[in-house]
Number of protein chains: 2
Amino acid sequence: MMHSRTIGVLGGGQLGRMIALAGIPLGFRFRFLDPSPEAPAGDVGDLIVGSFDDIGALEKFASGVDVVTYEFENVPVMAVECLASRLAVRPEATSLAGTQDRFVEKSTFDALGVPTTRYAAVHSRPEFDAAIERIGMPCVVKTRRNGYDGKGQGVIRSMADVDRVWNELGGRELLVEEFIRFDREVSIIGVRGADGACAFYPLAENVHERGILRCSRIPAAGADAPMQQHAERHARALMEKFGHIGVFTIEFFVKDARLVANEMAPRVHNSGHWTIEGAVTSQFENHVRAIAGLPLGSCEAISASAMVNIVGEWPGDAAIAEMLAMPGVHVHNYAKSPRAGRKIGHVTLVGCGEREMVRVLELCPHV
Amino acid sequence: MMHSRTIGVLGGGQLGRMIALAGIPLGFRFRFLDPSPEAPAGDVGDLIVGSFDDIGALEKFASGVDVVTYEFENVPVMAVECLASRLAVRPEATSLAGTQDRFVEKSTFDALGVPTTRYAAVHSRPEFDAAIERIGMPCVVKTRRNGYDGKGQGVIRSMADVDRVWNELGGRELLVEEFIRFDREVSIIGVRGADGACAFYPLAENVHERGILRCSRIPAAGADAPMQQHAERHARALMEKFGHIGVFTIEFFVKDARLVANEMAPRVHNSGHWTIEGAVTSQFENHVRAIAGLPLGSCEAISASAMVNIVGEWPGDAAIAEMLAMPGVHVHNYAKSPRAGRKIGHVTLVGCGEREMVRVLELCPHV
């Protein structure tokens, strides 16, 4: 077992904040590197303000840290490699390299037999037109890098959309993907320990609105044991391929009761926030356990659970009070300034009924 | 509802640390006042290092804080009154004044009809001898103030002990109490909101060793519904008497299936640490909700639970790994330097069997 005392996290957003809230009880201290002095993880550890590609900031961040992890995947691979020359980085750069580029991601799905949508990489307008022709409409166009929460994406439903999307996204490396008319979206969150042991949370069902996760529910409708096993097999194959240590997420479309991989993330995930109160061990605690070389905790759900994001603006005091008065409801405030499209908190419902869920959805802004 | 953003906590020990870990997700920031620069709450908020009777330190602590609370009851009442002249202190000084002095505490139990042991206040050696004569042997001698974890206590079993205990404790204000040969010890943890609403956790059964809590279990053996109701009635009466806002604890002896109050604490309590993972809402979150004027959360236990303290020295890496590998086990490390008799962490078992409990007791030092 490793004797890490201070965990360094690249990124100081809400995911870093929740990793620290789970890791502090285990006796760890935290340090974050983030470009913003207002990064919400600053409440729970040292915050080094600096860019991820600033060697001086990386030096300062690394000094006195025992193990490094990251809370989002758009950290430069070279920054992680620099750090890895000096100390343990978990997950390693291979996990980042395999998930930062959507084309590499798709190719990896293919290589491991994980079903995914048809796709084509595009470097020029002629390739763009040819890819649309081959894949057919509707199709989705995405930047290969740095997309998140629906940013850097466009949908082509008819020839009328082609120029608009090209004007918006062209010039960058793009991926054209088949548009799936899915029945629902689900995600699997797995974790792999330093000893190679793996554990998996039950599939969550996710609903997105305007590209941003609106809510997740556990158990996912229609997620039977074979579907859970398929998802776990895919997640295990990917984690083993990358030699991944820590939490790992795959988002799937479900179409005719079959899983089609959409994307993966080498980190804790929004669709796993329900685990803080709803699982025996949260995804955040399990991430810390994994990177610290400790045994993984049980991923079992203690009850049916749900999570509703708070996006863009904070609910009024009366709304917060109404939600907190419901047994099994917990409110998480990331202490971020509200801004349209920004995730600023979430609400968990553990063991609640449909009526509570409907009401929490009414009370949580998503703007 | 109050719009507190920063909560000030008098005391920066593990209780303050766990209050902050529960309050940060609700969007609060924390500041602590503690005489030690190594206070474990320093990991989760600003730590002002200073004495509780240092007006300068109190000034610095109070500036920019929205509401003040305390994590232990031996804060000078005058410090709390000073702070209360400027901002909300919850619980108020009345709760402190009623629990700091064991004689006042006993008299309050009597006044409210809460059964307690026979007792006598003692100011001199003649009074001491008379009290022992009246109460009979064995009896317990305690300092009226500043006792905790068995410190400031002595037991008189025969005349041979009288001089020794007097030499040790005499000169201070003392209380001589009947020694109860109890069947078991239990505690009730209640919480009273700013609106007067009360909620209660199930009775915990507590085992002490050398005056320090060894473990707590839920449900407590023999704690039937009438016993729970009695305990709740006593806790409610005391909280209402003090106008208490926040968490409140009473420790009882159980003798022939009847409750006999031993002591009370106007704060979160070691015997409630199981609530972090074992209850729908933890005692720490409920304390924060109460002092912030938010609705209380459900106190229901999600499963049978237990808590084992780690006292004096930290278990070895192999012991920690063995415990973390048991499903439902969580380890809490307070990041304190080990010292004999010092609580430095605890382990929670949720939904575990007797075998796990026995093993965790073996693995957790209590020295």
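Being a predicted model, the structure only gives us computed values, none of them experimental.

## So, the packing of aromatic side chains
Residues and elements named next belong to chain B. Taken as a whole, this structure holds 14 aromatic pairs over all chains when the rule is applied. Taking 4.9 Å as the distance between ring centres and 45 degrees as the angle between the ring planes, the aromatic pair formed by Phe-128 and Trp-166 counts as tilted. Here Phe-128 is found in helix 6 (residues 125-135), whereas its partner Trp-166 is found in helix 7 (residues 159-169), with 38 residues between them in sequence. The exposure class assigned to Trp-166 is buried, which follows from its relative accessible area of 16%. Between Phe-242 and Phe-248 the ring centres are 6.1 Å apart and the planes differ by 45 degrees, which places this aromatic pair in the tilted class. For Phe-248, a relative accessible area of 0% puts it in the buried group.

## Topic: the relation of the copies chain A and chain B
Superposing chain A onto chain B requires a rotation of 180 degrees together with a translation of 0.0 Å along the rotation axis, leaving an RMSD of 0.0 Å. These values place the two chain copies in the arrangement generated by a two-fold rotation axis. The C-alpha atom lying nearest the rotation axis in chain A is that of A:Val44; the distance is 2.6 Å. Interface residue correspondence from chain A to chain B reaches 100%, placing this contact among same-surface, isologous pairings.

## Quick notes on unusual backbone geometry
The amide bond that connects B:Arg90 to the next residue, B:Pro91, takes the cis arrangement and shows omega of -5 degrees. Checked against the element boundaries, B:Pro91 lands in the loop between strand 5 (88-89) and helix 4 (93-100). That bond from B:Ile218 to B:Pro219 is cis: its omega, 0 degrees, falls within 30 degrees of zero. The backbone of A:Ala335 shows a phi angle near 60 degrees, a positive value even though the residue is not glycine. As for its placement among the helices and strands, A:Ala335 is situated in the loop between strand 17 (329-333) and strand 18 (343-350).

## Overview of the environment of B:Pro295
Residue position: B:Pro295 is located in the loop between helix 10 (283-291) and strand 16 (305-311). On a C-alpha basis, the gap between B:Pro295 and B:Gly193 in space is 6.9 Å, while along the polypeptide they are 102 residues apart. Setting aside residues no more than four positions away along its own chain, B:Pro295 makes contact with A:Ala321, A:Leu324, A:Ala325 and B:Arg289.

## What to know about the sheet that holds strand 7 (residues 139-143) of chain A
Residue and element names in this part refer to chain A. In space, the four strands of this open sheet follow the order 6-9-7-8, with antiparallel pairing throughout. In the strand order of this sheet, the two ends are held by strand 6 (119-122) and strand 8 (153-156), each with one partner. Neighbour-to-neighbour, the strand axes of the sheet open up by a mean angle of 20 degrees, direction not taken into account. Sheet analysis places strand 7 next to strand 8, joined by four bridges and oriented antiparallel. From the neighbouring strand, Val-141 faces strand 8, where its bridge partner is Gly-154. Of the strands in this sheet, strand 6, strand 7, strand 8 and strand 9 (174-178) are in contact with helix 6 (residues 125-135), which crosses strand 6 at around 175 degrees. Helix-sheet contacts for helix 7 (residues 159-169) involve strand 6, strand 7, strand 8 and strand 9, and the interaxial angle to strand 8 is about 165 degrees.

## Things to note about the sheet that holds strand 2 (residues 29-34) of chain B
Residues and elements named next belong to chain B. Strands sit in the order 3-2-1-4-5 across an open sheet of five strands; the sheet is parallel. Sheet topology places strand 3 (46-49) and strand 5 at the edges, where each strand pairs with a single neighbour. Summarising the sheet, strand 1 (residues 6-10) and strand 2 pair through five bridges and their orientation is parallel. Residue pairing in the sheet places Val-9 in a bridge with Phe-32 of strand 2. The strands that helix 1 (residues 14-23) touches are strand 1 and strand 2; relative to strand 2, the one it contacts most, it runs at about 170 degrees.

## Comments concerning empty space enclosed by the protein
For the coordinates displayed, the defined rule picks out two cavities of 30 Å³ or more. By volume, the largest cavity is sized at about 40 Å³. Forming the boundary of the largest cavity are A:Pro25, B:Arg17, B:Met18, B:Leu21, B:His332, B:Asn333 and B:Tyr334. Among the secondary structure elements, those contributing two or more residues to the lining of the largest cavity are helix 1 and strand 17 (329-333) of chain B. Across the lining of the largest cavity, the residue classes tally to four nonpolar, two polar and one charged. A volume near 30 Å³ is recorded for the second largest cavity. Every residue along the wall of the second largest cavity is listed here: A:Arg17, A:Met18, A:Leu21, A:His332, A:Asn333, A:Tyr334 and B:Pro25.

## Quick notes on the pattern of salt bridges
Residue and element names in this part refer to chain A. Throughout the structure, instances matching the rule amount to 42 salt bridges over all chains. A salt bridge links Arg-17 to Asp-43; the shortest N-O distance between them is 2.9 Å. Within this pair, whereas Arg-17 is found in helix 1 (residues 14-23), its partner Asp-43 is found in the loop between strand 2 (29-34) and strand 3 (46-49), the two being separated by 26 residues in sequence. Given the relative accessible area of 1%, Arg-17 is considered buried.

## Points about helix 2 (residues 55-62) of chain B
Residues and elements named next belong to chain B. Listing the buried residues of helix 2 in full gives Ala-57, Leu-58, Phe-61 and Ala-62. Seen along its axis, helix 2 keeps its buried residues to an arc of 130 degrees; they face one direction. In helix 2, the exposed positions that point more than 90 degrees away from the buried face belong to Ile-55 and Lys-60. Contact partners of the buried residues in helix 2: strand 1, strand 2, strand 3, strand 4 (67-70) and helix 3 (77-84). The opening residue of helix 2, the one whose side-chain oxygen lies 2.8 Å from the backbone nitrogen of Gly-56, is Asp-54. At the C-terminal side of helix 2, Gly-64 shows a positive phi close to 85 degrees.

## Quick word on the nonpolar core
Core analysis: the largest hydrophobic core is formed by 112 residues, its most contacted members being A:Phe30, A:Val347, B:Phe30 and B:Val347. When residues no more than four places from it in sequence are discounted, the contact partners of A:Val347 are A:Ala306, A:Met307, A:Val308, A:Ile310, A:Met323, A:Val329, A:His330, A:Val331, A:Val360 and A:Cys364.

## Here's the deal with the interface of chain A and chain B
Frequently, the measure chosen for interface size is the accessible area that the parts lose on association. Contacts between chain A and chain B engage 34 residues on the former and 34 residues on the latter. Summing both sides of the interface, chain A and chain B together bury roughly 2900 Å²; the carbon and sulfur share of this comes to 58%. The closest approach of N and O atoms between A:Arg29 and B:Asp43, which form a salt bridge, is 2.8 Å. For the pair chain A and chain B, the number of links is 14 residue pairs in polar contact (both at pLDDT 80 or more).

## A closer look at the packing of helix 1 of chain A against helix 10 (residues 283-291) of chain A
All names here are of chain A. At a minimum axis separation of 8 Å, helix 1 and helix 10 run at an interaxial angle of 75 degrees. Taken as axis vectors, helix 1 and helix 10 run roughly perpendicular relative to one another. For the pair formed by helix 1 and helix 10, the contact residues are Leu-15, Met-18, Ile-19, Ala-22 and Gly-23 on the first element and Phe-284, Glu-285, His-287 and Val-288 on the second. For the contact of helix 1 with helix 10, a count of residues per class yields six nonpolar, two polar and one charged.

## Quick look at the environment of B:Trp274
Residue and element names in this part refer to chain B. Structurally, Trp-274 is set in the loop between strand 15 (258-265) and helix 9 (275-278). Residue Trp-274 is classed as buried on the basis of its relative accessible area of 1%. For the pair Trp-274 and Ala-204, spaced 70 residues apart in sequence, the C-alpha to C-alpha distance is 9.3 Å. Ignoring anything within four residues of it in the chain, the contact list for Trp-274 reads Tyr-201, Pro-202, Ala-204, Ile-218, Ala-279, Ala-301, Ser-305, Ala-306, Met-307 and Thr-348. From its side chain, Trp-274 meets the backbone oxygen of Ser-271 in a polar contact 3.3 Å long.

Calculation notes
Residues numbered from 1 in each chain as written. Chains lettered and ligands numbered in written order. Predicted model: local features only at pLDDT ≥ 70, side-chain atom pairs only at ≥ 80, totals over all residues. Heavy atoms only, no water. Phe/Tyr/Trp six-rings, centres within 6.5 Å; stacked < 30°, edge-to-face > 60°. Helix = DSSP H or I, 4+ residues; strand = E, 2+ residues; numbered from the N terminus. Buried < 20%, exposed > 50% of the residue type's maximum accessible area, 1.4 Å probe, protein only. Least-squares fit on C-alpha atoms with pLDDT ≥ 70 in both. Contact = heavy atoms within 4.5 Å. Pairing = 2+ DSSP bridges. Axes fitted to C-alpha atoms, helices over the stretch in contact; angles between N-to-C directions. 1 Å grid on protein atoms, 1.4 Å probe; cavity = no way out; pocket = protein on both sides within 12 Å on 5 of 7 lines; lining within 4 Å. Points joined across faces, edges and corners; volume = space filled by probe spheres on them. Nonpolar A, V, L, I, M, F, W, Y, C, P; charged D, E, K, R; others polar. Salt bridge = Lys/Arg side-chain N within 4 Å of Asp/Glu carboxyl O. Arc of directions from axis to C-beta. Polar contact = N/O pair within 3.5 Å; in protein donor to acceptor, adjacent residues only side chain to side chain. Core = buried A, V, L, I, M, F, W, Y, C linked by side-chain atoms within 4.5 Å. Buried area = accessible area lost by both parts, 1.4 Å probe. Parallel < 35°, antiparallel > 145°, perpendicular 65-115°, else oblique.

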